[in-house]
Amino acid sequence: MVETKVVELIVGGGQATVGPPLGPALGPLGVNIVAVVNKINEVTKEYAGMKVPVKVSVDTEYKTFEVTVGTPTASALIVSELKIEKGSSTPNSVKVGDLSMAQIVRIAKIKAPQLLSSTTENAAKEILGTCVTLGVTVEGKDPRDIQKDIDAGMYEQLFGSQ
């Protein structure tokens, strides 16, 4: 009987190494760890500088593997969009950047499959909530005000027909 083991990790895009957490997790499965690391780095290179969820499925009998890449976290996408290191440690008083609504909509569309929202408007409101915790303004305003503006229909042209 073929047994498949699944190892789930968070790695830096294009920066996986044979050390922890990968090496210790994959070593006991008998798969070529260097080949796995190279494959992970190849499929995550477009997410350089972001933390990316990765799932490695290993066929323990034939020592083969498959790498599946998830979507980076909303906060990683926001930080990447702003080209900053991290969010604010005091988001209520210190703001670290400002996004446009077009950027919010783009991030919402990237994250849509993992979000609970059924519309792009609601997905954008979820992303705006993440902006609040990171200390990021949107078009110079508090993200909570933008959420109210979305509810009031002020950004319908950005969302198009759903």
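For the structure, see preceding data.
Everything quoted here is computed from the prediction, not taken from an experiment. For every chain, the first residue of the written sequence is number 1, and numbering continues from 1 onward in sequence order. Reporting in this predicted model follows two pLDDT cut-offs: at least 70 for local features of residues, and 80 or more for side-chain atom pairs to be given and counted; totals over whole chains, interfaces and linings ignore these cut-offs and use all residues. With hydrogens and water set aside, each side-chain value is computed from the structure's full complement of heavy atoms.

1. A short note on the sheet that holds strand β2 (residues 51–59)
One open sheet holds the three strands; their spatial order is β1-β2-β3, and the pairing between them is antiparallel. A strand with exactly one partner marks an edge of an open sheet, and here the two such strands are β1 (4–12) and β3 (64–69). Taken over all neighbouring pairs, the strand axes of this sheet differ in orientation by 20 degrees on average, direction set aside. Here, a strand pair is defined by DSSP locating no fewer than two bridges between the strands. Only DSSP runs of H or I covering at least 4 residues are called helices, and only runs of E covering at least 2 are called strands; the numbering of each starts at the N terminus. As judged from the six bridges shared by β2 and β3, these two strands associate in the antiparallel manner. Its bridge partner lying in β3, Val 54 is registered against Val 69. Any two residues whose heavy atoms approach within 4.5 Å are treated as being in contact. Working convention: axes come from line fits to C-alpha atoms, limited for helices to the stretch in contact. Angles between N-to-C directions cover 0 to 180 degrees. Lying over the sheet, helix α2 (residues 33–44) contacts β1, β2 and β3, oriented at roughly 25 degrees with respect to β3.

2. Examining helix α3 (residues 74–82)
Residues Ala 74, Ala 76, Leu 77, Ile 78, Val 79 and Leu 82 constitute the buried set of α3. Summarising the contacts, the buried residues of α3 are in contact with β2, β4 (97–99), α4 (101–111), α5 (120–134) and β5 (136–138). Immediately beyond the C-terminal end of α3, within one or two residues, lies Lys 83, with a positive phi of roughly 55 degrees. Residue exposure (1.4 Å probe, protein chains only): buried if accessible area is under 20% of the type maximum, exposed if over 50%, otherwise partly exposed.

3. Here we look at the pairing of β2
Looking at chain direction, β1 and β2 are connected through nine bridges and run antiparallel. The residue of β2 that forms the bridge with Thr 4 is Asp 59. What sits between β2 and β3 in their antiparallel hairpin is a turn of four residues, with Lys 63 showing a positive phi close to 60 degrees.

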